[in-house]
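One-letter residues, chain by chain:
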Amino acid sequence: MPIAGIINGYYRSGTTLLWWIVKSSNPDMLHLYEPLSPLLFSAIDTHQLGKRDKMHGLPIWDDYLLIPSDILDAMRSKHGDFTIVFNPSIVYPYLDTIDSIDKQVILQPNRMHFIIDDVSNRYSVNWVHIIRNPADTFIDLVKPNVDLSMPMIERLAEGKLAVVNPDYFFWVGDMYRVISRNFAIRTDKNDFFGKFLIVWTFSNLVPYYYAVLRGKGKSKGLIVYFEELVYEPVRVAESISKHLGVRINYELLNTINRSEAYKYSSKLESITVRKLDELGLTEFAKMVYSHCSSSLKPEWLGGNSSREVVLVGGV
């Protein structure tokens, strides 16, 4: 049975939440978490069935242990440097091996942004890409590695705290280097927040272009927004279920925590708005969010309601 669907998104955008809901609702399928991660096989080699990941609190690697050993060995031999991929042919031998598994497989990569339409066409599958506003994404990009308070995160975004190794934060440095070269955009070498915003913008803009701008019927993609998943979970889950052809256990939607949306402070919002403008990315960021419900879209991304209105129940 072939690869059956793809759930993609930039890091800390809600991909794990969405993947876990789909996985729990479809136990008859294999659900492969982060198949392109450079850390994949080191994680698998030390994993025991049911062992919960420290960051997510979920047994995210379990389904790899259910793959026949000969196929898993073949996957290992064909797994390469997939940190950021612009040429889809690099991953095809590896994905072809996954496609040979005698069970339907859902993939949850965080690295297919620039090749996802090519991959979906090769394997004739639909895909979903989830987007979360950059301020909240930044908070959760930082916190798993360095548990900073909001004032400290604000200082980090302002460039008042030095970042020695940007790759410590979900490969921001490596991804920035490749994206900046491919899209001819640069920022100061010490501008960690600027590098993150460049990576966030293009990692979401390209899937948005595939799914929306190329026109109806020309892509197998669906764009969903984290804020809508949190505040309108039934509607969003129904659209994902229909698009991917998977079941959804709607009781699982009750586990979604609304406090995960609109976490950013007013100051971090201002810093984000200013930096997007400095980098010339404001219109791209608004474009990426153009299909999000106006009542849930932050004002600074073209919405109608402020963060404060949403949080007090204004939707």
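All values derive from a computational prediction rather than experimental measurement. (Residues numbered from 1 in each chain as written. Predicted model: local features only at pLDDT ≥ 70, side-chain atom pairs only at ≥ 80, totals over all residues. Heavy atoms only, no water.)

**What to know about the overall build of the protein chain**
Here comes step 1: Across its full length, the protein chain holds 14 helices and 5 strands.
Here comes step 2: Whereas a compact globule of 315 residues would reach a radius of gyration of roughly 20 Å, the protein chain reaches 19 Å, a difference of no more than 12%.
Here comes step 3: Along the first, second and third principal axes, the C-alpha set of the protein chain runs to 50 × 40 × 40 Å.
Here comes step 4: Buried residues in the protein chain amount to 57% of all 315 residues.
Here comes step 5: Of all intrachain contacts in the protein chain linking residues separated by at least 6 positions in sequence, the fraction that spans at least 24 positions is 73%.
Here comes step 6: For the protein chain, the accessible area works out to roughly 13300 Å², and carbon and sulfur atoms hold 50% of it.
Here comes step 7: Counting 34 positive and 35 negative side-chain charges, the protein chain places the averaged centre of each group 2 Å from the other. (Helix = DSSP H or I, 4+ residues; strand = E, 2+ residues; numbered from the N terminus. Rg over C-alpha atoms; globule rule 2.2 N^0.38 Å. Buried < 20%, exposed > 50% of the residue type's maximum accessible area, 1.4 Å probe, protein only. Contact = heavy atoms within 4.5 Å. Areas by Shrake-Rupley, 256 points an atom, 1.4 Å probe, with all protein chains shown as cover. Lys, Arg positive; Asp, Glu negative; His and termini not counted. Charge placed at Lys NZ, Arg CZ, Asp CG, Glu CD.)

**Topic: the pairing of strand E4 (residues 127–131)**
Every other side chain in a regular strand lies on the same face of the sheet, so the side chains alternate between the two faces.
Here comes step 1: The element E4 is extensively covered by neighbouring structure, given that 5 of its 5 residues are classed as buried.
Here comes step 2: Neither face of E4 is left uncovered, since the one carrying Trp127, His129 and Ile131 and the one carrying Val128 and Ile130 both have all their residues buried.
Here comes step 3: Both E4 and strand E5 (residues 221–225) contribute to a ladder of 5 bridges, which runs parallel. Looking at the pairing, Trp127 lines up with Gly221 of E5. (Pairing = 2+ DSSP bridges.)

**So, the side chain of Glu154**
Here comes step 1: Looking at the element boundaries, Glu154 is found in helix H7 (residues 150–158).
Here comes step 2: Here Glu154 is buried and forms no salt bridge, its nearest opposite-charge partner Lys267 lying at an N-O distance of 4.4 Å.
Here comes step 3: In this structure the side chain of Glu154 is engaged in a polar contact, spanning 2.5 Å, whose partner is the side chain of Ser265.
Here comes step 4: When neighbours within four sequence positions are excluded, Glu154 is seen to be in contact with Ser265, Lys267, Leu268 and Ile271. (Salt bridge = Lys/Arg side-chain N within 4 Å of Asp/Glu carboxyl O. Polar contact = N/O pair within 3.5 Å; in protein donor to acceptor, adjacent residues only side chain to side chain.)

**Focus: the packing of aromatic side chains**
Here comes step 1: For the coordinates displayed, the defined rule picks out 25 aromatic pairs.
Here comes step 2: With centroids separated by 5.1 Å and ring planes inclined at 40°, the aromatic side chains of Tyr11 and Phe170 adopt a geometry described as tilted. Here the residue Tyr11 occupies a position in the loop between strand E1 (3–9) and helix H1 (15–25), and Phe170 occupies one in the loop between H7 and helix H8 (172–183), the gap between them amounting to 159 residues. Like Phe170, Tyr11 is buried. (Phe/Tyr/Trp six-rings, centres within 6.5 Å; stacked < 30°, edge-to-face > 60°.)

**Notes on the pairing of strand E2 (residues 30–33)**
Here comes step 1: Residues Leu30 and Leu32 of E2 are buried on one face, and the alternating residues His31 and Tyr33, pointing to the opposite face, are buried as well.
Here comes step 2: By the bridge criterion, 4 bridges tie E2 to strand E3 (residues 105–108) in an arrangement that is parallel. Note on E3: the bridge partner recorded for His31 is Ile106.

**Describing the sheet that holds E2**
Here comes step 1: Judged by pairing direction, the sheet is parallel, and its 5 strands sit side by side in the order E2-E3-E1-E4-E5 without closing on themselves. The sheet is open, and its two edges are formed by E2 and E5, each paired on a single side. Recorded for the sheet is a direction-independent mean angle of 20° between the axes of neighbouring strands.
Here comes step 2: Sheet topology places E1 next to E3; 3 bridges connect them, and they run parallel. In the strand pairing of E3, Gly5 is matched with Ile106. (Axes fitted to C-alpha atoms, helices over the stretch in contact; angles between N-to-C directions.)

**Notes on helix H6 (residues 134–142)**
Here comes step 1: The buried count for H6 comes to 9 of 9 residues, which makes it a mostly enclosed element.
Here comes step 2: For H6, the complete set of buried residues consists of Pro134, Ala135, Asp136, Thr137, Phe138, Ile139, Asp140, Leu141 and Val142.
Here comes step 3: Turning to H6, the residues buried within the fold contact H7, H8, helix H9 (192–213) and helix H12 (266–278).
Here comes step 4: A side-chain oxygen of the first residue of H6 lies 3.1 Å from the backbone nitrogen of Ala135; this N-cap is Asn133.

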